[in-house]
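# Close look at the chain arrangement
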Amino acid sequence: MFADRAKITIRSGKGGDGHVSFRRELYVPNGGPDGGNGGRGGDVIFEVDKGLNALTDYRHKRKYAAENGQEGGKKRCHGADGKDIILKVPEGTVIKEAASGKVIADMSGENKRQVVLKGGRGGKGNMNYATATMQVPKYAQPGQPSQELEVMLELKVIADVGLIGFPNVGKSTLLTRVSNARPQIANYHFTTINPHLGVVDLEGCDGFVIADIPGLIEGASEGVGLGHQFLRHIERTRVLIHLVDAASTEGRDPIDDIYKINKELEAYDPKLMERPQVIAANKTDMIYSEDEDPVERIRQEFEPQGIRVFSISAATGKGLKELLYYVKSLLDKIDKEPVIFEQEFFPEDVLITENLPYTVKQDEEDEHLFYIEGPKIEKMLGYTNLDSEKGFSFFQKFLRESGILADLEAAGIEEGDTVRMYGFDFDYYK
């Protein structure tokens with residue numbers, strides 16, 4: 001079975017604890033602290049693998065964890081860093097936070113590799129805490145805890161053109177006729193249960209990738225039938241070919257069919273109706289009525305709306321050349337970059353809402369110096385690189401949204417005063 005969705009739990013590695021130890025050497029009666037730092041926990045990394053076309057591997061195993069960092073050792077020995085875990089996914093996979101459905105990463109376009117969860121920073125050993133007044137520190141910093149997240153993986157195929165329409169209108173036959181794809185074809189509904197991709201080669205110009213989206217039915221956007229499972233694949237396409245049974249071989253009205261399918265597209269995502277759409281009136285080789293031309297009736301209905309209608313027969317090849325060159329002309333007018341979904345969920349933001357304690361206090365001797373301490377601050381520092389622009393931007397957001405800035409102002413901080421937290425100093429400015 002084609003696997004285009006999977007729900008998994010991922011966990012980064014915990015940072016190793018710092019070590020407490022002291023030098024014990026002959027003729028050195030008072031050896032100083034020599035406890036080493038803990039190793040960094042491993043990251044959870046997603047990486048595109050061009051050889052994959054489904055999420056099958058993630059159907060059987062649901063939990064993935066990076067290695068924890070090792071504890072620091074004696075004689076200033078640092079603990080080993082935990083190994084990262086690299087999860088391979090097909091190009092076009094969208095990673096979402098399972099509870100909210102918000103996008104964490106879209107493995108498409110230039111984004112071939114992304115760290116989704118960072119491992120915890122290793123704790124500092126007691127060798128880091130020796131001072132003139134504290135020469136025998138008997139404590140060390142614990143490693144930062146791991147991060148865990150349940151994510152939904154969704155594969156949205158990357159194609160220039162999507163074939164849409166009711167079941168059994170000839171989409172698979174058309175794909176076979178115009179491309180190198182060879183989907184299974186039979187005369188019953190839902191023959192196609194997987195999206196198929198094919199490359200269309202055109203003489204005198206570049207080709208394009210076309211996808212056969214499994215048949216949609218009325219109510220698909222609400223979960224009726226099989227088609228709703230594949231609506232997500234249409235989101236990547238830049239042009240839609242709406243295939244319709246012009247001969248009404250199954251007794252349905254082709255115009256009514258078009259309106260019903262478009263209604264389902266709009267219900268799923270209104271932006272889909274902004275995509276250029278072309279109507280391909282198929283099965284014209286099976287039209288026997290001499291009273292009325294059903295293709296002309298479709299043209300009169302939709303061409304005034306700006307939608308071109310082509311009379312084709314996927315079985316005989318009639319009209320396909322004109323259809324494909326017109327679709328190519330539409331593609332040439334549209335941005336060639338695939339649809340990329342912007343990041344909406346940032347795993348670091350969980351640190352803002354986590355209910356961990358912290359304290360804000362003013363120095364007793366220097367009224368212009370303030371301290372922020374506590375587990376909430378330690379955890380934030382463990383996952384944030386304050387030297388990077390992105391990390392410092394998150395740090396500012398963290399202070400604002402967690403209420404720490406408000407607490408500093410309540411404590412009497414003024415512009416230009418210094419804030420210190422675990423070795424990091426910054427000046428306060430509004």
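A quick note: this is a predicted structure, and the numbers were derived from the prediction, not measured.

### A closer look at the sheet that holds strand β18 (residues 424-427)
Strand order in this open sheet of four strands is β15-β16-β17-β18, and the pairing throughout is mixed. Looking along the sheet, the strands with just one partner apiece sit at the ends: β15 (359-362) and β18. Averaged over all adjacent pairs, the angle separating strand axes in this sheet is 20°, with direction ignored.

### Structural notes on the sheet that holds strand β2 (residues 44-48)
Pairing is mixed in the open sheet, where three strands are placed in the order β4-β2-β7. Strands with a single pairing partner mark the edges of an open sheet, and in this sheet they are β4 (85-89) and β7 (113-117). With direction set aside, neighbouring strand axes in the sheet form an average angle of 30°. Across five bridges, β2 lies against β4 in parallel orientation. Across the sheet, residue E47 finds its bridge partner in β4, namely K88.

### Overview of helix α3 (residues 254-268)
Here α3 is 15 residues long and its end C-alpha atoms lie 21 Å apart, about the 21 Å a rise of 1.5 Å per residue gives. The set of residues buried in α3 consists of P254, I255, D257, I258, I261, N262, E264 and L265.

### Focus: the pairing of strand β5 (residues 93-97)
Counting buried positions along β5 yields five of five residues, so the element is predominantly enclosed. Residues T93, I95 and E97 line one face of β5 and the alternating positions V94 and K96 line the opposite face, and both faces are buried. Across four bridges, β5 lies against strand β6 (residues 103-107) in antiparallel orientation. Counted as the bridge partner of K96 is V103 from β6. Of the pairings in the sheet, the one linking β5 to strand β8 (residues 148-155) comprises five bridges and is antiparallel in character.

### Some details on the nonpolar core
With 34 residues, the main nonpolar core has V161, L174, F208, I210, I312 and V327 as its most contacted residues. For this core, the secondary structure elements donating two or more residues are β9 (161-164), α1 (171-178), β10 (196-202), β11 (205-212), β12 (239-245), α3, β13 (277-282) and α5 (320-332). When residues of this core are assigned to their parent elements, the largest contribution, six residues, is made by α5. Residues I8, Y58, I85 and F345 belong to the second largest nonpolar core, which totals 24 residues.

### With respect to a negative patch on the surface
Residues E364, E365, D366, E367 and E414 make up a contiguous surface patch of negative charge. Residue placement: E364 occurs in the loop between β15 and β16 (369-373).

### So, the side chain of S21
Note that S21 resides in the loop between β1 (5-11) and β2. Of the polar contacts made by the side chain of S21, one reaches the side chain of D34; its length is 2.6 Å. Non-local contacts of S21, meaning those with residues more than four positions away in its chain, are made with G32, P33, D34, G35, G73, K74, K75 and N126.

### Notes on the packing of α3 against helix α4 (residues 294-302)
Where α3 meets α4, the closest approach of the two axes is 10 Å, and the angle between their N-to-C directions is 40°. Between α3 and α4, the angle falls in the class oblique. Of α4, the residues touching α3 (which contributes P254, I255, I258 and Y259) are R297, I298, E301 and F302. Among the residues forming the contact of α3 with α4, the class breakdown is six nonpolar, no polar and two charged.

### Description of empty space enclosed by the protein
Any empty space left between atoms is shown by rolling a water-sized probe over those atoms. Considering all chains together, one arrives at one cavity of 30 Å³ or more under this definition. Taken as a whole, the largest cavity encloses approximately 30 Å³ of empty space. Lining the largest cavity we find G165, F166, V169, H242, L243, V244, D245 and D257. Of the residues forming the lining of the largest cavity, the biggest block, four residues, is contributed by β12.

### A word on the pattern of salt bridges
Going through the model one piece at a time under the given rule, you end up with 16 salt bridges. As a salt-bridge pair, K14 and D17 come within 3.0 Å of each other at their nearest N and O atoms. Exposure remark for D17: the relative accessible area of 31% places this residue in the partly exposed category. Salt-bridge contacts for D84 lead to R40; the nearest nitrogen and oxygen are separated by 3.6 Å. Of this pair, D84 sits in the loop between β3 (63-65) and β4 while R40 sits in the loop between β1 and β2; the two residues are 44 residues apart in sequence, bridging distant segments of the chain. A residue is classified by how much of its surface remains accessible, and D84, at 35% relative accessible area, is partly exposed. Its relative accessible area of 30% is what places R40 among the partly exposed residues. What emerges from the salt-bridge pattern is a single network uniting R5, K96 and E154.

Parameters at a glance
- Residues numbered from 1 in each chain as written.
- Predicted model: local features only at pLDDT ≥ 70, side-chain atom pairs only at ≥ 80, totals over all residues.
- Heavy atoms only, no water.
- Pairing = 2+ DSSP bridges.
- Helix = DSSP H or I, 4+ residues; strand = E, 2+ residues; numbered from the N terminus.
- Axes fitted to C-alpha atoms, helices over the stretch in contact; angles between N-to-C directions.
- Expected span 1.5 Å × (residues − 1).
- Buried < 20%, exposed > 50% of the residue type's maximum accessible area, 1.4 Å probe, protein only.
- Core = buried A, V, L, I, M, F, W, Y, C linked by side-chain atoms within 4.5 Å.
- Patch = residues over 30% accessible without salt bridge, like charges linked within 9 Å, V, L, I, M, F, W, Y side chains within 5 Å.
- Areas by Shrake-Rupley, 256 points an atom, 1.4 Å probe, with all protein chains shown as cover.
- Salt bridge = Lys/Arg side-chain N within 4 Å of Asp/Glu carboxyl O.
- Lys, Arg positive; Asp, Glu negative; His and termini not counted.
- Charge placed at Lys NZ, Arg CZ, Asp CG, Glu CD.
- Polar contact = N/O pair within 3.5 Å; in protein donor to acceptor, adjacent residues only side chain to side chain.
- Contact = heavy atoms within 4.5 Å.
- Parallel < 35°, antiparallel > 145°, perpendicular 65-115°, else oblique.
- Nonpolar A, V, L, I, M, F, W, Y, C, P; charged D, E, K, R; others polar.
- 1 Å grid on protein atoms, 1.4 Å probe; cavity = no way out; pocket = protein on both sides within 12 Å on 5 of 7 lines; lining within 4 Å.
- Points joined across faces, edges and corners; volume = space filled by probe spheres on them.

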